[in-house]
Amino acid sequence: MTFIASREQHAMPSDEAASGRVKAIEVTDLVTHYGTRRILDGISLDIHEGEIMVIMGGSGSGKSTLLNHLLGLLRPTSGTVRMLGRDINRIKPMELHALRRKIGVAFQGGALFSSMTVGENIMLPLREHARLDENTMRIMARMKLEVVGLANFENMKPSELSGGMIKRAALARAVVMDPAILFCDEPSAGLDPVVASAVDDLILRLRDATGMTVVIVTHELESAFKIADRICVLDKGEILTVGTVAEVRDSPNGRIQNLLNRRTEEALIDPDEYLRRLTSDLL
C-alpha cells in the first residue's frame, strides 16, 4: 500500500506556527501526587491536530504518569486535561467511553493477546466497539495489516512474530478504528536500530496519510529527533521546554543537555541531612 502524503504537509516548524491550529489536547496546570509525593508539578501543554508530539525525559521524570492522565486512567490532584474539546475528568463515564473510541493506543510491549491470532488481535477493538459483520471486520483488519506490512501474518500467533513485527501489529490494532489521536508508549524501545527506524517510518506514514494527532512517550533520542514535530522535555515532574527538534537540541538548559548527552548530575549531599534520612524513623 502506497502513501501519497508527505511529512511536510503536517510538519510544524515552531510554536508560533502551531498557535493557529486546533488543539487536540489541552493540559492546564496539572498536578499529581502519589501519596505525599508530588509527581507532576503544574504541567501545561497544548498538542495540536495533526502533529506528532514526543514526550521525553529520564526515568522518573513523569512521562508515564502524564500519559496515564492523557488516557483518562488517572485523576489529577488539580488541573485539567481536555481532549477533543472535552474535560476528561468532568464528563460522565459513558461520555468518556465514547471519547476513548476516538483514540488508539499502542502499548510498550505490544500487549497482544497470546491466545489470539494476529488478525483476531487487530479485530478486537471492532468487536468491542463497532456493530459490524464478521466479513467487514476481517477486511478492515486486513487493510490495517497491509498498511503495517503484515499482510501475510493474519493467522499467526504473537509468539511467532519478531519484536518489530509485534510493534507493527500493535500499531495496526491501535489504528484499526481510524482514531483521531494515536498514543504510542516507547514504540521503538528494545528494537535493533534498523527495525526501530522502520517503526518510526511507519508512524510517520500513518500520520501523513491520515492526519491523525500522534503522542509518543519515549526515551529514545534518535527516534524522537526523527519523527517529532515538537518535543516536550520532562524532568522531575516539570516541563523544561517544548519546542522543535532544533530548539531542543540547541537549548541552553543544562538539564536538557545532560539528558541529550547522557551526562549524570552530581548531587551535593549534606552529611547531616543524609544522616537524618537514614535514622529519622529509628530515633
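Residues numbered from 1 in each chain as written. Predicted model: local features only at pLDDT ≥ 70, side-chain atom pairs only at ≥ 80, totals over all residues. Heavy atoms only, no water.

## Quick word on the pairing of strand E8 (residues 213–217)
Where a strand is regular, its side chains alternate between the two sheet faces. The element E8 is largely enclosed, with a buried count of five among its five residues. Residue alternation in E8 divides its side chains into two sets, Thr213, Val215 and Val217 and Val214 and Ile216, and both sets are buried. Here strand E7 (residues 181–185) pairs with E8 via five bridges, running parallel. Counterpart to Ile181 in the pairing with E8 is Thr213. Tracing the backbone out of E7, into helix H7 (residues 193–210) and back to the parallel element E8 gives a crossover that is right-handed. (Buried < 20%, exposed > 50% of the residue type's maximum accessible area, 1.4 Å probe, protein only. Helix = DSSP H or I, 4+ residues; strand = E, 2+ residues; numbered from the N terminus. Pairing = 2+ DSSP bridges. Right-handed = clockwise from strand over helix to strand, strands pointing away.)

## Digging into the sheet that holds strand E2 (residues 37–48)
Spatially, the four strands line up as an open sheet ordered E2-E1-E4-E5, and their pairing is antiparallel. Since the sheet does not close on itself, it has two edges, and those belong to E2 and strand E5 (86–87), each with one partner. Across two bridges, strand E4 (residues 78–83) lies against E5 in antiparallel orientation. Residue pairing in the sheet places Arg82 in a bridge with Asp87 of E5. Set on the sheet, helix H2 (residues 63–70) makes contact with strand E1 (23–34), E2 and E4; between it and E1 the angle comes to about 125°. (Contact = heavy atoms within 4.5 Å. Axes fitted to C-alpha atoms, helices over the stretch in contact; angles between N-to-C directions.)

## A few points about unusual backbone geometry
With phi around 50°, Asp29 is a residue other than glycine that occupies positive phi space. The topology assignment puts Asp29 in strand E1. By relative accessible area, which is 47% here, Asp29 ends up partly exposed. One non-glycine residue with positive phi stands out, namely Asp178, at about 50°.

## Observations regarding the pattern of salt bridges
A complete count under the given rule lists 14 salt bridges for this structure. A salt bridge links Glu51 to Arg230, with the nearest nitrogen and oxygen atoms 2.8 Å apart. Here Glu51, found in the loop between E2 and strand E3 (52–57), pairs with Arg230, found in strand E9 (residues 230–235); they are 179 residues apart in sequence, far enough to count as distant. The exposure class assigned to Glu51 is buried, which follows from its relative accessible area of 0%. With a closest N to O distance of 3.2 Å, Asp178 and Lys144 form a salt bridge. Placement of Asp178 in the loop between helix H6 (163–175) and E7 and of Lys144 in helix H5 (residues 134–147) is noted, with a sequence separation of 34 residues between them. With a relative accessible area of 54%, Asp178 lands in the exposed category. (Salt bridge = Lys/Arg side-chain N within 4 Å of Asp/Glu carboxyl O.)

## A few points about the confidence of the model for the chain
Chain-level statistics for the chain give a pLDDT mean of 87 and a share of 91% at 70 or above. Long-range and interchain partners of residues 1–18, a stretch whose pLDDT sits below 50, account for 37 contacts in this model, where long-range means more than four residues apart. (pLDDT = per-residue confidence, 0-100.)

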